[in-house]
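Spelled out from the first residue to the last, the chains are:
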Amino acid sequence: KGEIFVSPDIAICDECKEEMFDPKNRRYLHPFINCTCCGPRLTILDALPYDRERTSMKEFPMCPDCAKEYYDPATRRYDAQPVCCNECGPEVYLIGREERGRDAIIYTRRTIAEGGIVAIKGIGGFHLCCDATNEEAVKRLRELKKRPAKPFAVMAKDLESVKRECLISEEQEKILTGHQKPILLLDKKEDGEETLCESIAPGNPKVGVMLPYAPVQLLLFTYDDGIRMPSFLVMTSGNTSGAPICREDKEAIQELSRLCDCMLSHNRKIRIRADDSVMDFYKNEPYMIRRSRGYAPLPTMVQMLWKGQVLATGGELKNTFCIGVDGRFYPSPYVGDLEDLRTVEALKETIGRMETLLEVEPKVVACDLHPKYNATVVAEELGLPVLKIQHHFAHILSCMAENDCEDPVIGVSFDGTGYGTDGTIWGGEILRCDYNGFERLGSIKPFWQVGGDLSAKEGWRIAGSLLYEELQDKEKTVEWMKKLELCTEPEAKVLVTMTGRHLNAVRSTSAGRLFDGVSAILGIRKKSTFEGEASTALEFAAEAYEKTMQHPYEPLMLKPFTETAEDRLILNTGELVKNLAKKRLAGEDTGQLAYEFHQELARQIISATLTASHQTGIRKVALSGGVFQNRLLLRLVEEGLVKQGLITLHHHLIPPNDGGLSLGQAAYAMAYLQKHEIK
Ligand code: ZN
Ligand code: ZN
Ligand code: FE
């Protein structure tokens, strides 16, 4: 007890793959083939110990042949709980149609080959799928899903297909073909064969690619029906925006039937949903963006001699929760955005399931400081003592815990938005942190974030507020906004008036919004149709410029920060923004200015962090928060700090974004338990 280890799901192994395509094998083309080394785990589990009786395979009694293998230590399927075959295993079928088994697979393949859209139930939920080399099909899926530009993940037939379209390092190849099979963000080849539609990831130098991990997915590419299939399929989560991924036929019928032409399901139940994990690479090492299938719930372990059991409910967007047992922390699979009440239900249910699996009874629950977050409400409903932890502090704690760091750090928490201890919005923070608390040592320059939710989607609004903050002159700001083509004149006037009078406005140091604003000022993106669109486009423009850069970068002579009355360091981000706007108006190159923004912001962060280090005597710096998905900024900041003799920590397998929050919250709760008596 307490040492319990729940296995994540494991992608089909090479031997099973071979058997599945061997016409002489009794599991020929069996969509559920697995062995001791591969197959579903977490997603079919009811309770421990891991035994067929306590999984959703209990509805499928083994046939004599399978039982023989199961009980024989000499076979590859000895004690393999989900073992089954064409005789005794689960079956695929089309929802609302007659076809089952073989006929269902052929029908699905034909639908895809003819340009249709299908929903397919895999290991952790449904995917929506279509031919990724067929512009018309992809366009139709975008229209139906109301998703104009957000990149779609694709599944490639095999490694060779990936290599035709993408650049891939040896390390990336290991991950792509490994047993965890995340979606990897790979650079598109400039001289690729371009069979992949541009509309898969429009204007994006990268594409998210994975290889088949469920046997049924392999059958979509290869079968004995003579249908010619493409080498790439779109494989996007089967859900309506914001809702959890569908796992039951009932959900699929409700949410997906209007988005597709047929639905290939199966009768093995999914107990815990698991979305695909998404991984980027930084300095040729994995850098996780979404940690879910294949990774959750593997624990993060720390050396601290902590004792006790805690729960943390995570953040509002990209929610995960985390269960802590002594020095082990089990982050959950990706739950989703809690703005949708279906996702809140999924969070509650999955917390219950994981507590059962790990046999824990938390003594205390940690959550975000934001009073209106649904994750906070869920925490408060549990009837346990509740600890509320500031968002950007939790980001840094998560980076400390992932790196098993016991010492205090200077945390550079650069992020979208989170609730600050003073009731304003925080997001570009420099904090002194240890497991017991934090102190705010610095931030970017505050500005008025006007227009509530709209300001998160429409960077031109932030741009206007940022400019007004610097120019302090209504006419001049409207003039600049017009010349920068940020919006119409009436729109500019309304925004400036609202900013000036602080109408529907909140003071903000959000670094994510700063990126959106700069993206708009430079004419890269004025609005975002999905989270991060404007800021990632800014990063891509800067990276593209860096590749062509002739001379080493010469820093601007701006002061990196000022100290205010509150004794907090204020980065000179305002003057930087004004400077960029001026240069843009003078006709300077967008890519160059995008790069300059990254360089100068990094220089300001480094300079302020050094000062914070001198003030506190702390030499370790942890880098976290969603903005550090920006690998250019991460590299510039990290290399600069290292050059100054500081020690840096960054994330690896825990996301820097809000998906990692729950780990930080859980670490805080565990440290709290060591010092406080809880009845
Ligand atoms: Zn296997
Ligand atoms: Zn069987
Ligand atoms: Fe965050």
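Just above sits the structure.
A brief look at the structure comes next. (Residues numbered from 1 in each chain as written. Chains lettered and ligands numbered in written order. Predicted model: local features only at pLDDT ≥ 70, side-chain atom pairs only at ≥ 80, totals over all residues. Heavy atoms only, no water.)

Looking now at the coordination of the zinc ion (ligand 2). Ligation of the zinc ion (ligand 2) by protein atoms is provided by C63 (SG), C66 (SG), C85 (SG) and C88 (SG), these donors lying 2.3 to 2.4 Å from the ion. Here the zinc ion (ligand 2) is ringed by four donor atoms whose angles at the metal span 104 to 116 degrees, and the overall shape comes out tetrahedral. In primary-sequence terms, the residues that donate to the zinc ion (ligand 2) follow C-x2-C-x18-C-x2-C. Of this pair, C66 sits in helix α2 (residues 64-71) while C85 sits in the loop between α2 and β1 (92-94), and the two are 19 residues apart along the sequence. (Donors = N, O, S within 2.8 Å, 3.2 Å for Na, K, Ca; no water. Tetrahedral: all angles 85-135°; square planar, octahedral: opposite > 155°, others 65-115°. Helix = DSSP H or I, 4+ residues; strand = E, 2+ residues; numbered from the N terminus.)

What follows covers the coordination of the iron ion (ligand 3). Under ideal tetrahedral coordination, the four donors around a metal are separated by 109.5 degrees; under ideal octahedral coordination, the six donors are separated by 90 or 180 degrees. The iron ion (ligand 3) binds to the protein through H391 (NE2), H395 (NE2), D415 (OD), D415 (OD) and D658 (OD), with metal-donor distances spanning 2.0 to 2.7 Å. Ordering the donors of the iron ion (ligand 3) by residue number gives the pattern H-x3-H-x19-D-x242-D. Of the two residues, D415 sits in strand β17 (residues 409-419) while D658 sits in the loop between β25 (647-649) and α21 (661-675), which places them 243 residues apart along the sequence. When sorted by exposure, D415 lands in the same class as D658, which is buried. (Buried < 20%, exposed > 50% of the residue type's maximum accessible area, 1.4 Å probe, protein only.)

This part covers the packing of aromatic side chains. One pass over the full model with this rule turns up 11 aromatic pairs. When the ring of Y70 is compared with that of Y71, the centres are 4.8 Å apart and the planes differ by 85 degrees; the resulting orientation is edge-to-face. With a relative accessible area of 7%, Y70 lands in the buried category. For Y71, a relative accessible area of 59% puts it in the exposed group. For the pair W306 and Y435, a centre-to-centre distance of 5.2 Å together with 85 degrees between the ring planes defines the contact as edge-to-face. Of the two residues, W306 is situated in the loop between β11 (300-301) and β12 (309-312) and Y435 in the loop between β18 (425-434) and β19 (437-443); the sequence distance between them amounts to 129 residues. Given a relative accessible area of 7%, Y435 falls into the buried group. Three or more aromatic residues link up through ring pairs in this structure, and these residues are F393, W426, F438 and Y668. (Phe/Tyr/Trp six-rings, centres within 6.5 Å; stacked < 30°, edge-to-face > 60°.)

Turning to helix α15 (residues 489-501), a few remarks are in order. Helix length check: α15, at 13 residues, gives a terminal C-alpha distance of 18 Å against a target of 18 Å (1.5 Å per residue), a fit within 8%. Among the residues making up α15, those that are buried are A492, L495, V496, M498 and T499. The arc enclosing the buried residues of α15, seen along the axis, measures out at 160 degrees, which places them on a common side. Residues of α15 that are exposed and angled more than 90 degrees away from the buried face: P490 and R501. Lining the buried residues of α15 we find β20 (447-450), α13 (459-471) and α14 (474-483). Just downstream of α15 lies H502, where phi reads positive at about 55 degrees. (Expected span 1.5 Å × (residues − 1). Arc of directions from axis to C-beta. Contact = heavy atoms within 4.5 Å.)

This part is about helix α18 (residues 573-585). Look at α18: 18 Å from first C-alpha to last across 13 residues, which is about the 18 Å you get at 1.5 Å a residue. Residues T573, G574, L576, V577, L580, A581 and K583 constitute the buried set of α18. Looking at the buried side of α18, the elements it contacts are α13, α14, α16 (511-521), β23 (569-571) and α19 (590-616).

Attention now moves to the sheet that holds strand β15 (residues 364-368). One open sheet accounts for six strands, arranged β11-β14-β13-β12-β15-β16; its pairing is mixed. At either end of the open sheet lies a strand with only one pairing partner, and these are β11 and β16 (386-389). Where β12 meets strand β13 (residues 322-325), four bridges bridge the pair, whose relative direction is antiparallel. Considered in β13, the bridge of V310 is made with G324. Strands β11, β15 and β16 of the sheet are contacted by helix α11 (residues 391-402), whose axis makes an angle of about 95 degrees with β16. Sitting on the sheet, α21 touches β11, β12, β13, β14 (328-331), β15 and β16, and the angle it makes with β12 is about 145 degrees. (Pairing = 2+ DSSP bridges. Axes fitted to C-alpha atoms, helices over the stretch in contact; angles between N-to-C directions.)

What follows concerns unusual backbone geometry. P49 follows L48 through a cis peptide bond whose omega is -5 degrees. Considering the arrangement of structural elements, one finds P49 in the loop between α1 (14-20) and α2. Unlike most non-glycine residues, K181 shows phi in positive territory, near 45 degrees. Here K181 is to be found in the loop between α6 (170-177) and β5 (183-187). We classify K181 as buried; its relative accessible area is 6%. Phi is positive for H502, close to 55 degrees, though the residue is something other than glycine. Relative to the elements of secondary structure, H502 occurs in the loop between α15 and β21 (505-508). Relative accessible area serves as the criterion here: at 39%, H502 is assigned to the partly exposed category.

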